[in-house]
Amino acid sequence: MSITINIIMLKYIKEWIQDYNAVQREFNEMGYFTISTWFGQWTHIDKEMYNEYNDRQRKISKRYKQLKE
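Please read all numbers here as calculations on a predicted model, not as lab measurements.

What counts, and where the lines are drawn
Here the residue numbering is sequential within each chain, running from 1 through the sequence in written order. In keeping with the model being predicted, local features are shown solely for residues with a pLDDT of at least 70 and side-chain atom pairs are shown and tallied solely at 80 or more, while totals for entire chains, interfaces and linings include all residues. Neither water nor hydrogens contribute to the side-chain values; these are computed over all heavy atoms in the structure. Two rings from Phe, Tyr or Trp (for Trp, the six-membered ring) form a pair when their centres are within 6.5 Å of each other. A pair whose planes differ by under 30 degrees is stacked, one over 60 is edge-to-face, and the rest are tilted. The numbering of helices and of strands both runs from the N terminus, where a helix is a DSSP run of H or I of at least 4 residues and a strand a run of E of at least 2. Each residue is placed in one exposure class: buried if its accessible area under a 1.4 Å probe, protein chains only, is under 20% of its type's maximum, exposed if it is over 50%, and partly exposed if it falls in between. The pLDDT value expresses, per residue, how confident the predictor is, ranging between 0 and 100. Whether two strands pair depends on DSSP finding at least two bridges between them.

**Thoughts on the packing of aromatic side chains**
Counted under the stated rule, the structure contains three aromatic pairs. Relative to Tyr20, the ring of Trp16 has its centre 5.6 Å away and its plane inclined at 20°; by these criteria the two rings are stacked. Residue Trp16 and its partner Tyr20 are located together in helix α1 (residues 2-30), separated by four residues, close to a single helical turn. The class for Trp16 is exposed, based on a relative accessible area of 56%. The class of Tyr20 is partly exposed, set by a relative accessible area of 42%.

And the structure:
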């Protein structure tokens, strides 16, 4: 009984790690970088990458609006 519970928990943890990595990749594309050290955790935002990402998202949303009309 306990072996099957452990296997199920490992599957959930593995899925959680995959989701976390996907979110971190998306944040890196947006220009958000999180730095962890012994002294704490900091977030750096690259404004150029952030603006480029937002411009790409606007272009995509404009395409969808044109398709709906």
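**Re the confidence of the model for the protein**
Mean pLDDT over the protein: 83, with 81% of residues reaching 70 or higher. No element of the protein has a lower mean pLDDT than helix α2 (residues 47-68), at 74, and none a higher one than strand β2 (residues 40-45), at 89.

**Some details on the pairing of strand β1 (residues 32-37)**
By the bridge criterion, six bridges tie β1 to β2 in an arrangement that is antiparallel. Residue pairing across strands places Thr34 opposite Thr43, the latter belonging to β2. From the end of β1 to the start of β2, which pair antiparallel, there are two residues.

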